Amino acid sequence: MKKIFFSIAMASLSLLAMGCGDYAINGGDFNSGWTTNDIPEDPNNQSGKLKPEELAAKKAPLYWTVYEYGRMAEMAHREQNMPKEIWQKNINWVATNLLPYGYDMVCTDGFMAMEGDFSANHPYMTKYAHIPLTELVAMCKAKGLKLGVYDNPLWVHGNPECIIEGTSHKVKELFYEQGRDQVKNPHADGDIFQWIVPSHRGAKEYIDGFFKYFKGLGVDFIRMDFMCLFEDGTRGGGASGQGRGYGSKEYRLALQYIAEAAKKYGVFTSIVMPNMKEHGKYEAALGNMVRIVDDTCEGGWDHVSARLRGANHIKKDEWPSANNQFDGFVYWSDITGRGKVIPDGDFLLMRRTNTDEERQSTISLQLMAGGPVAVADQYNTIGYDANSIAWNDYSYNDSYYNDTRAQHNVSFYQNEELLALNKDKFVGKPLSQNIALETNGAGQQVGKDANSQIWYGRMSNGDYVVALFNREDTPQDRAVEFSQLGINGRMKMRDLWTHTDEGETTRLSARLAPHACKVVKLSKP
């Protein structure tokens with residue numbers, strides 16, 4: 001969860017009554033065109049409309065995010081809005097070190113001010129971190145990069161008196177009306193956003209206008225956060241920590257409108273902090289990418305594998321379902337695949353890893369699962385040494401930085417043989433989804449089924465990629481017969497980290513150091 005700042009004017013808006021009943025889901029008289037019966041029972045069979053393969057047959061994005069800057073500032077109680085000169089230094093660093101390897105986008109996040117212009121003729125965000133979005137787009141474009149935007153088409157940043165394009169309705173008519181809208185927590189004090197109610201008349205056009213606006217700016221990636229807060233009122237602010245919670249019917253209607261508009265304007269949608277009810281049925285059908293794990297926070301192996309690990313910590317129908325990337329990717333692997341929804345493991349901080357083995361596993365896991373690689377390291381932190389800095393040290397200190405270490409750390413983002421999986425839209429699967437733990441003879445909690453640490457998949461050219469992982473804190477033996485993967489006969493094997501050919505074989509085995517991996521490509525002799 002990220003702390004968000006809105007303009008003071010929006011924060012002071014009172015909830016305005018609509019004065020007429022003009023929506024169907026919440027009991028009004030006007031039928032906006034949707035009823036609960038219009039929500040498909042099977043999102044994989046929607047009579048030719050918005051099929052999952054149409055929505056999600058996309059490559060997972062490779063990009064850089066402002067997350068670490070905002071997180072460090074928030075935790076240290078510093079000013080969170082990134083100055084323009086720091087933006088430029090980070091953009092320059094991305095263009096030099098990441099763009100040549102396919103990382104073509106810089107993305108905003110929470111933490112910083114998100115402002116609308118009340119004098120504009122639209123209600124959408126115009127500034128981020130007090131910088132006009134048009135300037136950020138131009139700064140990125142000058143370096144060959146795109147700008148991705150953290151925003152939500154259910155939020156209002158601008159003038160509520162604006163007329164919604166294509167309608168005669170004002171934006172304020174989309175706001176919650178007490179006594180008419182059915183919500184879970186009518187008296188909640190934790191709605192930290194000004195939400196629209198999707199079933200109100202004009203909401204569909206408002207959402208359409210949101211995507212039209214951003215596409216017009218040159219933005220084709222939208223990261224939509226706090227969906228659990230909208231649906232159930234969880235992860236809010238205020239004394240109670242609860243938002244109103246507009247319910248699953250409103251949420252699913254919103255997803256439908258979002259999917260339609262995003263497809264219309266060619267915008268990639270990333271759903272963040274979803275409850276994933278009914279095992280992600282609606283997110284998988286109506287989004288391009290979906291978060292499957294809790295926030296990065298300080299990152300490192302904690303977020304990759306160790307944090308609240310195991311099946312006992314998996315939560316169904318609420319956010320977050322998983323607390324670390326490995327559990328999340330394994331648990332949700334049954335809804336992913338080539339042309340299906342992309343699993344998002346949140347951001348990576350290479351400088352927070354402790355060993356090269358962890359660095360290799362961190363990148364390998366994202367690419368084996370078909371997820372994005374979202375770099376959060378900054379130009380002036382990538383050279384920090386996790387082994388000599390306290391995990392809760394949020395200061396910037398030149399003495400922490402080492403240029404040689406910076407080049408070493410960034411090199412793990414630059415492995416072109418592994419990044420080829422992303423270009424191919426590769427999506428792998430684990431041999432097992434069993435992430436339960438057991439106690440070994442030494443009294444340590446370890447994975448009960450090592451097959452959940454063996455991933456495999458097939459490239460579009462017919463080659464296979466197989467990865468052995470070791471999530472444990474001690475050395476482990478991993479092995480798989482190719483026949484277990486449906487492969488007959490001997491295969492040529494190439495290690496994608498050592499970049500060496502390893503001959504022909506019918507099996508893969510390795511003794512792995514703690515937190516290590518071995519990733520190979522198999523091709524016919």
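Residues numbered from 1 in each chain as written. Predicted model: local features only at pLDDT ≥ 70, side-chain atom pairs only at ≥ 80, totals over all residues. Heavy atoms only, no water.

## Quick look at the nonpolar core
Within the largest apolar cluster, 137 residues are counted, with the highest numbers of intra-cluster contacts made by Trp87, Phe211, Phe214, Ile363 and Tyr413. In terms of residue count, the dominant contributor to this core is helix H8 (residues 248-265) (ten residues). Counting residues in hydrophobic clusters, the runner-up holds 16 residues, among them Met491, Leu508, Leu512 and Val520. (Core = buried A, V, L, I, M, F, W, Y, C linked by side-chain atoms within 4.5 Å. Buried < 20%, exposed > 50% of the residue type's maximum accessible area, 1.4 Å probe, protein only. Helix = DSSP H or I, 4+ residues; strand = E, 2+ residues; numbered from the N terminus.)

## Regarding the packing of aromatic side chains
Following the criterion strictly, the structure yields 25 aromatic pairs and no others. Summarising the aromatic geometry, the rings of Tyr213 and Phe214 are spaced 5.0 Å apart at their centres and angled 70° between planes, so their arrangement reads as edge-to-face. For the residue pair Tyr213 and Phe214, the accessibility class agrees, reading buried in each case. What links up through ring pairs into an aromatic cluster is the set Tyr150, Trp155, Tyr176, Phe193, Trp195, Phe226, Phe230 and Tyr246. (Phe/Tyr/Trp six-rings, centres within 6.5 Å; stacked < 30°, edge-to-face > 60°.)

## Topic: the pattern of salt bridges
Enumeration according to the criterion identifies 35 salt bridges in this entry. Of the charged contacts in the structure, one is a salt bridge between Glu298 and Arg71, with a shortest N-O distance of 2.8 Å. Highlighted residues: Glu298 in the loop between strand E10 (289-291) and helix H10 (300-306) and Arg71 in helix H3 (residues 67-75), separated in sequence by 227 residues. According to the relative accessible area criterion, Arg71 is buried, its value standing at 14%. Here Asp232 makes a salt bridge to Lys184, at a shortest N to O gap of 2.7 Å. Taken as a pair, Asp232 in helix H7 (residues 227-232) and Lys184 in the loop between strand E7 (146-150) and helix H6 (203-217) lie far apart in primary sequence, 48 residues in all. (Salt bridge = Lys/Arg side-chain N within 4 Å of Asp/Glu carboxyl O.)

## Remarks on the side chain of Ser523
Here Ser523 lies in strand E22 (residues 517-523). A residue is classified by how much of its surface remains accessible, and Ser523, at 16% relative accessible area, is buried. If we ignore the near neighbours within four places in the chain, the residues touching Ser523 are Asp463, Met491 and Lys492. (Contact = heavy atoms within 4.5 Å.)

## Brief notes about helix H9 (residues 277-286)
Within H9, eight of the ten residues are buried, which leaves the element mostly enclosed by the surrounding structure. Listed in full, the buried residues belonging to H9 are Lys277, Gly280, Lys281, Tyr282, Glu283, Ala284, Ala285 and Leu286.

## Let's talk about the pairing of strand E20 (residues 500-505)
Across four bridges, the pairing between strand E19 (residues 491-495) and E20 is antiparallel. If you follow Met491 over to E20, its bridge partner there is Thr505. With antiparallel pairing between neighbouring strands as the criterion, E19 and E20 make up a hairpin whose turn holds four residues, including His499 at a positive phi of roughly 60°. (Pairing = 2+ DSSP bridges.)

## With respect to a positive patch on the surface
Together, Lys58, Lys59, Lys215, Lys423 and Lys425 line one region of the surface with positive charge. Relative to the assigned elements, Lys58 resides in the loop between helix H2 (52-56) and strand E2 (62-65). Take Lys58: its relative accessible area is 35%, and that puts it in the partly exposed class. (Patch = residues over 30% accessible without salt bridge, like charges linked within 9 Å, V, L, I, M, F, W, Y side chains within 5 Å. Areas by Shrake-Rupley, 256 points an atom, 1.4 Å probe, with all protein chains shown as cover. Lys, Arg positive; Asp, Glu negative; His and termini not counted. Charge placed at Lys NZ, Arg CZ, Asp CG, Glu CD.)

## Examining helix H14 (residues 416-423)
Burial in H14 covers these residues: Leu418, Leu419, Leu421 and Asn422. Buried residues along H14 cover an arc of 135° about the axis, so they all sit on one side. Along H14, the residues that are exposed and aim more than 90 degrees away from the buried face are Glu416 and Lys423. Each element contacted by the buried residues of H14 is listed here: E2, helix H12 (356-368), strand E17 (464-469) and E22. Structurally, the start of H14 carries an N-cap: the backbone nitrogen of Glu417 is 3.1 Å from a side-chain oxygen of Asn415. Once H14 ends, the next one or two residues include Lys425, with phi positive near 60°. (Arc of directions from axis to C-beta. Polar contact = N/O pair within 3.5 Å; in protein donor to acceptor, adjacent residues only side chain to side chain.)

These figures come from the coordinates and say nothing about function on their own.
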